[in-house]
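Results of the structural survey
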Amino acid sequence: MNISVIGGGHGCYAAAIELAEKGHSVRLWRRDSAALEKLQGLGHLLVRDFRGERRLSLGQVGDALTLTADLAQAVADAQLLVIALPSTSHEALASELAPLLRDGQVVFLPPGTFGSMMFAQAMAKAGNHSEVAFAETGTLPYLARKHGDNQVVISGYATRLPTGVFPSRLSESAFAVLREAYPSVEPIEDALSGALMNAGPIIHPPLILMNAGPLEHFETWDIHNEGTVPSIRRVTNALDAERIAVREALGYGAPHFPLADHYATDGDEWMYGRGAHGKLTDSGDWREDIDLQKHRYMLEDTRLGLSFLVSVGRWAGVPTPVAQGLLNLATVVSGIDLYAEGRTLENLGLDQLSRSEMAQCMNQGLQA
């Protein structure tokens, strides 16, 4: 299958490597032409995971993985576009992709923070009425970090990816494509259900805000290792209970993939399988210098993700006091009005829809 990976982040490199190694024809697009040229000159990617270390050639005719700085070229013959980028990239990228997408393509946003709606609205604004399926899931398919210009360490692979499609009437054809690339995808109701599976806004805001002292005091700090303590876990569990309450109020069924399963060694398997938290902390790759004004945990998971959860809760009539409290604290810490800048139903122009109108929109898509 022809697949294009859009972006040059940790998840994008991991996706390009895994999908090429599976035998797909993969094209990697990067906006940063200097970084792309440097990667082209190096001529290969180095990957280390549970199977060991290996090298993947790239950029030559006939290679499974090729590079391009031309977005139109990346989109042209792709059956699947994988956008494993932070949600903060969506607004600019959606407007660029909007006129290029064509009938039958599947755009995968892992995770999406309801990015499917943003991309669909950009297409409508561009006057592109092609039948494109947007799919979003609860997490990246990889626990991955780049170690240099062409080195990637993949500490874990997702084993379960609950995924919703917008519009959901295209789900059958979309999953036929998605399963070729990611057999771990599990169909759920629609893209709003998929957006409410996003684990980032549940795990990261409590960890950065309740670890603010050590994050600002020490040069580096691992919020997932010594930063994960029982008091923070209690907050995370309460926040996750609000997410699940919103899902249930909207009629979305189990499994809800409670974040507590991520830390458990038995019971239901979470998105990265059992023991994933240990793999993450053992790697040492998440011992970071986290700037609370600039890091994606603040600008993506809190500004976009938590604001989305709060807004959907308000629309559905479900209180989300923990999410709102964390968002209020983060607004003070960051100095940014996070809800005003957030990915809210208000900012997406959807807050006046009734529940039946929202369900219709999720199934049929945007009306021309």
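Scroll up to find the structure this text is about.
Presented here is an overview of the structure given in this document. (Residues numbered from 1 in each chain as written. Predicted model: local features only at pLDDT ≥ 70, side-chain atom pairs only at ≥ 80, totals over all residues. Heavy atoms only, no water.)

Quick word on the packing of aromatic side chains
Put simply, the rule reads: Only Phe, Tyr and Trp rings are paired, with Trp represented by its six-membered ring, and only when their centres lie within 6.5 Å; those with planes under 30 degrees apart are stacked, over 60 edge-to-face, the remainder tilted. Strands are runs of DSSP state E lasting at least two residues, helices are runs of H or I lasting at least four, and both sets are numbered from the N terminus onward. Between buried and exposed lies partly exposed: a residue is buried under 20% and exposed over 50% of the maximum accessible area for its type, with that area taken using a 1.4 Å probe on protein chains only. As a reminder, the over-ring test applies to NZ of lysine and CZ of arginine, requiring each to be within 6 Å of the ring centre and within 35 degrees of the ring normal.
One pass over the structure, following the stated rule, counts eight aromatic pairs. Each ring, one from Phe108 and one from Tyr182, has its centre 5.4 Å from the other, and the planes form 45 degrees; the classification is tilted. Note that Phe108 is positioned in strand β7 (residues 106–109) and Tyr182 in the loop between α6 (171–181) and β12 (185–187), a separation of 74 residues in sequence. Here Phe108 and Tyr182 have matching classes, each one buried. Three or more aromatic residues joined by ring pairs make a cluster, and in this case those are Phe50, Phe108, Tyr142, Tyr157 and Tyr182. The residue whose ring lies beneath Arg233 is Tyr263, and the NZ or CZ to ring-centre distance is 3.9 Å. One cation-aromatic arrangement involves Arg314 over Tyr339; the distance from NZ or CZ to the ring centre is 4.4 Å.

A few points about the nonpolar core
Short version of the rule: By nonpolar core is meant a set of buried Ala, Val, Leu, Ile, Met, Phe, Trp, Tyr and Cys residues that side-chain atoms within 4.5 Å join together. Whether two residues are in contact is decided by their heavy atoms, any of which lying within 4.5 Å being enough.
Among the nonpolar cores identified, the biggest contains 125 residues, and Leu80 and Phe114 are the most heavily contacted of them. Top element by residues in this core is helix α13 (residues 296–316). It accounts for nine residues. For Phe114, the residues in contact, after removing those within four places along its chain, are Glu136, Ala191, Leu192, Ala195, Phe308, Arg343, Leu345, Leu348, Leu350 and Met362.

Considering helix α14 (residues 321–334)
One full turn of an α-helix is made of 3.6 residues, so residues set three or four places apart face in the same direction. Rules: Each residue after the first adds 1.5 Å to the expected span of a helix. It is the directions from the helix axis to the C-beta atoms whose arc is reported.
Between its first and last C-alpha, α14 extends 20 Å over 14 residues, near the 20 Å set by a 1.5 Å rise per residue. Among all positions of α14, only Ala323, Leu326, Leu327, Ala330 and Ser334 are buried. Considered in projection along α14, the buried side chains sweep an arc of 100 degrees and stay on one side of the axis. Of the exposed residues in α14, the ones pointing more than 90 degrees away from its buried face are Pro321, Leu329 and Val332. Looking one or two residues beyond α14, the residue adopting positive phi is Gly335, at roughly 75 degrees.

A few points about the sheet that holds strand β6 (residues 80–82)
Pairing between sheet strands relies on hydrogen bonds along the backbone, with the strands arranged either parallel or antiparallel. The test is simple: Between any two strands, at least two bridges found by DSSP are needed for them to pair. Only C-alpha atoms enter the line fits that serve as axes; for helices the fit covers just the stretch in contact. Angles between N-to-C directions range over 0 to 180 degrees.
Reading across the sheet, the eight strands line up as β5-β2-β1-β6-β7-β8-β11-β12 and stay open at both edges, with mixed pairing between neighbours. Each edge of the open sheet carries a strand with a single partner, namely β5 (65–68) and β12. Taking each pair of neighbouring strands and ignoring which way they run, the sheet shows an average axis angle of 30 degrees. Where strand β8 (residues 133–137) and strand β11 (residues 161–166) come together, four bridges link them in antiparallel fashion. Across the sheet, the residue bridging to Ala135 is Val165, located in β11. Taken strand by strand, helix α2 (residues 33–42) contacts β2 (25–29) and β5, and its axis lies near 145 degrees from that of β5.

Section: unusual backbone geometry
A negative phi holds for most residues other than glycine; trans holds for most peptide bonds. Backbone torsion omega between Pro110 and Pro111 reads -15 degrees, so that peptide bond is classified as cis. Structurally, Pro111 is set in the loop between β7 and α5 (115–126). Within the chain, Thr113 stands out as a residue other than glycine whose phi angle is a positive 50 degrees. Along the chain, Thr113 falls in the loop between β7 and α5.

Things to note about the sheet that holds strand β10 (residues 151–157)
Pairing is mixed across the open sheet formed by four strands, whose spatial order is β4-β3-β10-β9. Two strands in the sheet have a free side with no partner beyond their single neighbour: β4 (52–57) and β9 (142–146). Each neighbouring strand pair of the sheet contributes to a mean axis angle of 25 degrees, computed without reference to strand direction. Relative to β10, strand β3 (residues 44–49) runs parallel, the two sharing three bridges. When the sheet's bridge partners are listed, Leu46 is paired in β10 with Gln151. Packed onto the sheet, helix α1 (residues 10–21) meets β3, β4, β9 and β10 and runs at close to 110 degrees relative to β9.

As for the side chain of Arg343
The condition that has to hold: Charged residues are defined here as Lys and Arg on the positive side and Asp and Glu on the negative side; His and the ends of the chain fall outside this count. Think of a salt bridge as a Lys or Arg side-chain nitrogen and an Asp or Glu carboxyl oxygen that are within 4 Å of each other. Side-chain atoms alone can form a polar contact between residues adjacent in sequence; in general such a contact is a pair of N or O atoms within 3.5 Å, and within protein one must be able to donate a hydrogen while the other accepts it.
For Arg343, the position within the fold is in the loop between α14 and α15 (355–364). For Arg343, which is buried and forms no salt bridge, the nearest opposite charge comes from Glu91, at a distance of 6.7 Å. From its side chain, Arg343 meets the backbone oxygen of Gly112 in a polar contact 3.2 Å long. A distance of 3.2 Å separates a polar atom in the side chain of Arg343 from the backbone oxygen of Thr113.

Quick look at the pairing of β9
The buried fraction of β9 amounts to four of the five residues, a majority that puts the element mostly inside the structure. In the sheet, β9 pairs with β10 via five bridges, with the strands oriented antiparallel. By the bridge assignment, Leu143 is partnered in β10 with Gly156. Here β9 folds back onto β10, and the loop between the two strands holds four residues, one of which, Gly148, carries a positive phi near 110 degrees.

Read these as layout, nothing more, since geometry by itself doesn't imply function.
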